[in-house]
Amino acid sequence: MKEVLDLFENGILPLQLPTDGEEAMLGYNCCFIVSAVILRSPNQVLMIQEAKPSCRGQWYLPAGRLEKNETFAEGAQRELEEEAGFKFHPTSIICLEGEGPGWLRVNFSGEIVGGELKTVEDSESLQAKWFDVDEVLNVRINLRATDIVHVIRKAVHQQNSGPPLRVLPLIVPRSNFTVTVLIVAPASNGADVSVVLSGTRSPPCAPVLMRGRRFENISHDLMQEIGFKMDDCQFCGIVNIAHDGRQGQDGVHTTLAYTQPTGYT
């Protein structure tokens, strides 16, 4: 990271700070979804049966919209308790999905710390049930949507790949939407150098996933400021997000990661 800061201090790369945009208002110009993947031995995943008329009887992960005055983790805890009956401690982000700063889905992994499996229906869900992971991944049950399959697959992969991830959203209040672009590019000496293009001094910390193109439009504008071409860069994912709805602010700061194989001069 020191090399990155040296690049800015020596004037090699201009520093582009995120600019403030429209004030975020949950339910008006932004919608945030939270979900939880709970795995247990032997090879089972927790699912809930939907009660909503449009998808009644179908199965899905415990998930729902973030409410006012919640953090992402608190929203996931509430949804899991309402829909599955368990108290939940989020331990990491599995992946982040976004179609721009105003629509994000934050998928958590975590541990059950209390409660009991829901068996009595209400307006939140009909019931919760443990399923064999392969049943869900191969869509042998009636899923509300298959967009959760890749999330569960990623959670299983992370669980089986060594030490568990411990990456959670940054708890920082924001009143609006801002974006940081992080690029990893080879330096002239052949060494990899992390090049931060929009001002953050936090190192990258997590994995991800991306959908839609609106973030790419934002990134294009930021890169033009310092002479990088989008065509030369490969998108890696959303690195992390900063948000704290408890203070009545619905804004989000998002960090996007790219690689630039041809390097810079």
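Quick word on the overall build of the chain
Alright, step 1. Along the backbone of the chain there are five helices and twelve strands.
Alright, step 2. In the chain, which comprises 265 residues, the share counted as buried stands at 50%.
Alright, step 3. Taking the intrachain contacts of the chain between residues at least 6 apart in sequence as the baseline, contacts between residues at least 24 apart amount to 71%.
Alright, step 4. Approximately 12,800 Å² of the chain is accessible, and the part contributed by carbon and sulfur atoms is 48%.

A few points about helix H2 (residues 72–84)
Alright, step 1. The end-to-end C-alpha distance of H2 is 18 Å, a good match for the 18 Å that 13 residues give at a rise of 1.5 Å each.
Alright, step 2. Restricting attention to buried positions, one finds in H2 the residues Phe72, Gly75, Ala76, Arg78, Glu79, Leu80, Glu83 and Ala84.
Alright, step 3. Glycine 85 occupies a position one or two residues after H2 and carries a positive phi of about 90°.

Some details on the pairing of strand E7 (residues 103–115)
Alright, step 1. Here strand E1 (residues 31–37) runs beside E7; their pairing, made up of seven bridges, is parallel. Paired with valine 34 across the strands is valine 106, a residue of E7.
Alright, step 2. Where strand E6 (residues 86–98) lies against E7, eleven bridges are found, and the strand directions are antiparallel. When the sheet's bridge partners are listed, glycine 98 is paired in E7 with leucine 104.

Some remarks on unusual backbone geometry
Alright, step 1. Cis geometry is adopted by the peptide bond preceding proline 42, which originates at serine 41 and carries an omega value of 0°.
Alright, step 2. Its location among the elements puts proline 42 in the loop between strand E2 (39–40) and strand E3 (44–50).
Alright, step 3. Residue asparagine 69 is not a glycine yet carries a positive backbone phi of 65°.
Alright, step 4. Of note, asparagine 69 is situated in the loop between strand E5 (63–65) and H2.
Alright, step 5. Phi is positive for valine 139, which is not a glycine, with a value near 50°.

A closer look at the pattern of salt bridges
Alright, step 1. This model, assessed by the stated rule, comprises 13 salt bridges.
Alright, step 2. Between glutamate 121 and arginine 56 there is a salt bridge whose closest N-O contact spans 3.1 Å. With a gap of 65 residues between them, glutamate 121 in the loop between E7 and strand E8 (125–132) and arginine 56 in the loop between E3 and strand E4 (59–60) connect regions that are remote in the sequence.
Alright, step 3. Residue glutamate 121 is classed as partly exposed on the basis of its relative accessible area of 48%.
Alright, step 4. Its relative accessible area of 47% is what places arginine 56 among the partly exposed residues.

Quick word on the packing of aromatic side chains
The description of two aromatic rings rests on the distance between their centres and on the angle between their planes.
Alright, step 1. Counted according to the given criterion, the structure contains three aromatic pairs.
Alright, step 2. Judged by centre distance (5.6 Å) and plane angle (70°), the rings of phenylalanine 32 and phenylalanine 72 are edge-to-face. Taken as a pair, phenylalanine 32 in strand E1 and phenylalanine 72 in helix H2 lie far apart in primary sequence, 40 residues in all. In this structure, phenylalanine 32 and phenylalanine 72 share a single accessibility class: buried.
Alright, step 3. Ring geometry for phenylalanine 86 against tryptophan 130: centres 6.4 Å apart, planes inclined by 50°, an arrangement best described as tilted. Taken together, the residues span a long stretch of sequence, with phenylalanine 86 in strand E6 and tryptophan 130 in strand E8 at a distance of 44 residues.

What about helix H4 (residues 149–159)?
Alright, step 1. Within H4, burial applies to Val149, Val151, Ile152, Ala155, Val156 and Gln158.
Alright, step 2. Here the buried face of H4 lies against E1, E2, E3, E6, E7 and helix H3 (133–137).

Some thoughts on the nonpolar core
Alright, step 1. Grouped together as the largest cluster of nonpolar side chains are 33 residues, with contacts concentrated most on Phe32, Leu46, Phe72, Leu80, Phe108 and Ile241.
Alright, step 2. The leading source of residues in this core is strand E9 (residues 177–186), at five residues.
Alright, step 3. For leucine 46, the contacting residues outside a window of four places in its chain are Ile38, Leu61, Pro62, Leu80, Ala84, Phe86, Leu117, Ala128, Lys129 and Trp130.
Alright, step 4. If you look at the next biggest cluster of nonpolar residues, it comprises 22 residues, including Leu39, Val45, Tyr60 and Val149.

Here's the deal with the side chain of arginine 105
Alright, step 1. One can find arginine 105 in strand E7.
Alright, step 2. In terms of polar contacts, arginine 105 uses its side chain to reach the side chain of tyrosine 60, at 3.0 Å.
Alright, step 3. At a separation of 3.5 Å, a polar atom in the side chain of arginine 105 contacts the side chain of asparagine 107.
Alright, step 4. Excluding anything up to four places from it in sequence, arginine 105 contacts Ile33, Tyr60, Cys95, Leu96, Glu97, Asp147, Ile148, His150 and Val151.

Conventions used here
Residues numbered from 1 in each chain as written. Predicted model: local features only at pLDDT ≥ 70, side-chain atom pairs only at ≥ 80, totals over all residues. Heavy atoms only, no water. Helix = DSSP H or I, 4+ residues; strand = E, 2+ residues; numbered from the N terminus. Buried < 20%, exposed > 50% of the residue type's maximum accessible area, 1.4 Å probe, protein only. Contact = heavy atoms within 4.5 Å. Areas by Shrake-Rupley, 256 points an atom, 1.4 Å probe, with all protein chains shown as cover. Expected span 1.5 Å × (residues − 1). Pairing = 2+ DSSP bridges. Salt bridge = Lys/Arg side-chain N within 4 Å of Asp/Glu carboxyl O. Phe/Tyr/Trp six-rings, centres within 6.5 Å; stacked < 30°, edge-to-face > 60°. Core = buried A, V, L, I, M, F, W, Y, C linked by side-chain atoms within 4.5 Å. Polar contact = N/O pair within 3.5 Å; in protein donor to acceptor, adjacent residues only side chain to side chain.

Taken by themselves, the reported measurements are silent on function.
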